[in-house]
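In case you want the letters, here they are:
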Amino acid sequence: ILPENYIWLEAGCGSGRILKLLFKKLKSKIWVGQKNIMKFKLGTPVIAEWKNHKIIGKVNRISKTINRNFGGFGIDLLFNNCDKLEISGITVTLKAQIYSNEKSIKIPQKLIQEQSDGKFVWIDEGNCAKKIKIKIGRTADLFAEILTGLNVGDKIIVEGYNSVKENSKLKVIN
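Worth saying up front: this structure is predicted, and the values here are computed from it rather than measured.

Enquirer: Please explain the pairing of strand β10 (residues 118-124) as it appears in this structure.
Expert: Successive residues of a regular strand alternate their side chains across the two faces of the sheet. With five of its seven residues buried, β10 lies for the most part within the structure. Here strand β9 (residues 113-115) pairs with β10 via three bridges, running antiparallel. Bridge pairing in β10 places Glu114 opposite Lys119. Counted between consecutive antiparallel strands, the loop separating β9 from β10 contains two residues.

Enquirer: What is the right way to look at the side chain of Asp76 in this model?
Expert: Of note, Asp76 is situated in strand β6 (residues 72-80). A polar contact is formed between the side chain of Asp76 and the side chain of Lys29, at a distance of 2.9 Å. If we skip the residues at most four places from it in the chain, Asp76 touches Lys27, Ser28, Lys29, Lys58, Val59, Asn60 and Arg61.

Enquirer: How should the packing of aromatic side chains be read in this particular structure?
Expert: When we look at a pair of aromatic rings, we describe it by the centre distance and by the angle of the planes. Under the definition given, this model contains two aromatic pairs. An angle of 5 degrees between the planes, with centres 4.2 Å apart, marks the rings of Trp31 and Phe70 as stacked. Remark: Phe70 occurs in the loop between β5 (53-67) and β6 and Trp31 occurs in strand β3 (residues 25-32); sequence separation between them is 39 residues. Residue Trp31 is classed as buried on the basis of its relative accessible area of 16%. Look at Phe70 and you get partly exposed, because its relative accessible area is 47%. With a centroid separation of 5.8 Å and 90 degrees between ring planes, the pair formed by Phe120 and Trp122 is classed as edge-to-face.

The rules behind these values
- Residues numbered from 1 in each chain as written.
- Predicted model: local features only at pLDDT ≥ 70, side-chain atom pairs only at ≥ 80, totals over all residues.
- Heavy atoms only, no water.
- Buried < 20%, exposed > 50% of the residue type's maximum accessible area, 1.4 Å probe, protein only.
- Helix = DSSP H or I, 4+ residues; strand = E, 2+ residues; numbered from the N terminus.
- Pairing = 2+ DSSP bridges.
- Polar contact = N/O pair within 3.5 Å; in protein donor to acceptor, adjacent residues only side chain to side chain.
- Contact = heavy atoms within 4.5 Å.
- Phe/Tyr/Trp six-rings, centres within 6.5 Å; stacked < 30°, edge-to-face > 60°.

Here it is in structure tokens:
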């Protein structure tokens with residue numbers, strides 16, 4: 001039985017359906033597999049989105065055992081319903097920020113090229129093209145985290161990078 005100021009939102013794998021409307025808080029449960037459970041921590045930020053609405057919440061509780069019926073660990077999410085939205089029978093998209101590294105270098109994945117000896121990008125070094133081998137970390141949406149190879153301030157070639165060769169003269173257009 002949930003307290004009267006909660007809404008129970010039963011969710012699975014990124015979507016859910018609200019079963020009962022109450023008021024001040026929204027509560028959700030998601031199921032996460034063994035491979036991903038270590039990425040979640042208490043307080044991890046979570047966003048629920050549907051239609052033109054977005055509410056922010058956090059991880060409130062993490063189960064220590066796998067629920068065999070759902071094939072994963074249960075994670076309870078808690079959302080504030082500051083606008084007191086009247087919600088009933090909707091499906092939402094849930095997003096959790098399970099990784100953050102403010103010091104990392106992130107670049108568009110389309111700039112990353114690959115040859116038999118590994119991944120690389122082209123940078124502008126003194127108006128000449130230079131191939132820099134890189135090691136990629138996490139990827140999300142259209143971006144990749146660069147673990148090694150690039151430094152803050154490196155000028156990555158973003159136009160014509162597919163036709164560049166080592167030491168090609170570059171014409172920089174601002």
